[in-house]
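The lines below spell out each chain.
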Amino acid sequence: QQQVKQSPQSLIVQKGGISIINCAYENTAFDYFPWYQQFPGKGPALLIAIRPDVSEKKEGRFTISFNKSAKQFSLHIMDSQPGDSATYFCAASSGNNDMRFGAGTRLTVKP
Amino acid sequence: NAGVTQTPKFRILKIGQSMTLQCTQDMNHNYMYWYRQDPGMGLKLIYYSVGAGITDKGEVPNGYNVSRSTTEDFPLRLELAAPSQTSVYFCASSYGAGFDTQYFGPGTRLTVL
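About the criteria used
Residues numbered from 1 in each chain as written. Chains lettered and ligands numbered in written order. Predicted model: local features only at pLDDT ≥ 70, side-chain atom pairs only at ≥ 80, totals over all residues. Heavy atoms only, no water. Buried < 20%, exposed > 50% of the residue type's maximum accessible area, 1.4 Å probe, protein only. Helix = DSSP H or I, 4+ residues; strand = E, 2+ residues; numbered from the N terminus. Pairing = 2+ DSSP bridges. Salt bridge = Lys/Arg side-chain N within 4 Å of Asp/Glu carboxyl O.

1. A word on the pairing of strand β4 (residues 33-38) of chain A
All names here are of chain A.
Then, in step 1: Of all 6 residues making up β4, 6 are buried, and the element is well covered by its neighbours.
Then, in step 2: Taking every second residue as pointing to the same face, both faces of β4 are buried, with Phe33, Trp35 and Gln37 on one and Pro34, Tyr36 and Gln38 on the other.
Then, in step 3: Looking at chain direction, β4 and strand β5 (residues 45-50) are connected through 5 bridges and run antiparallel. When the sheet's bridge partners are listed, Gln37 is paired in β5 with Ala45.
Then, in step 4: Connecting β4 to the antiparallel partner β5 that follows it, the hairpin turn spans 6 residues, and Gly41 within it adopts a positive phi of roughly 80 degrees.

Shown next, in the form of structure tokens:
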């Protein structure tokens, strides 16, 4: 049973375009929602995270939108660049040590 | 700081063999984790530790064991390797619990034949 569902599985975007990755969760006890970026052959690295007391968080070109009532959150990458090509994972936890990850989205940004 | 280091980077095991995956962090983090990453499945937590001498099971602990004798080291032991344990294994650490950033190592790619 996957507690965090992520879509799409893969995404191809032109340089300068907007990349959007969506996640949905089931457990209403989740209250921390990070996004991780992973390049081939590397470990995941935290990109941006949000708590449910806000509906949006922006850091540079990366924005998380959060909809508590729908139990959904999404990552928007503005002005996507070839260097953004990576696999992105959403995750959720309830502040304990058991973080649940989505299946990942492989993003390719074409020059 | 080297961050989180893992050895080996790659390993091929035969069914029934055993091995230990090493993980070391130099950030004085209290919390350490072991995840496995399978294609199309995201990361799943195997075991975690909240400090030296304290470990607990995660989502998929069967077939694995861990120990935490020091703050820095958190080895993962596979006793009887099975093909189902073919995966990429990541170690991570964080200063505090769930809301703190987890820092990941580069991973160990394990194949069991």
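2. Comments concerning the pattern of salt bridges
Then, in step 1: Applying the stated criterion across every chain yields a total of 7 salt bridges over all chains.
Then, in step 2: The salt bridge partner of Lys57 of chain A is Glu59 of chain A, with a shortest N-O separation of 3.7 Å.
Then, in step 3: Here Glu79 of chain B makes a salt bridge to Arg77 of chain B, at a shortest N to O gap of 3.3 Å.
Then, in step 4: Classification of Arg77 of chain B as partly exposed rests on a relative accessible area of 30%.
Then, in step 5: Because the salt bridges share partners, they merge into one network encompassing Arg100 of chain A together with Lys44 and Glu59 of chain B.

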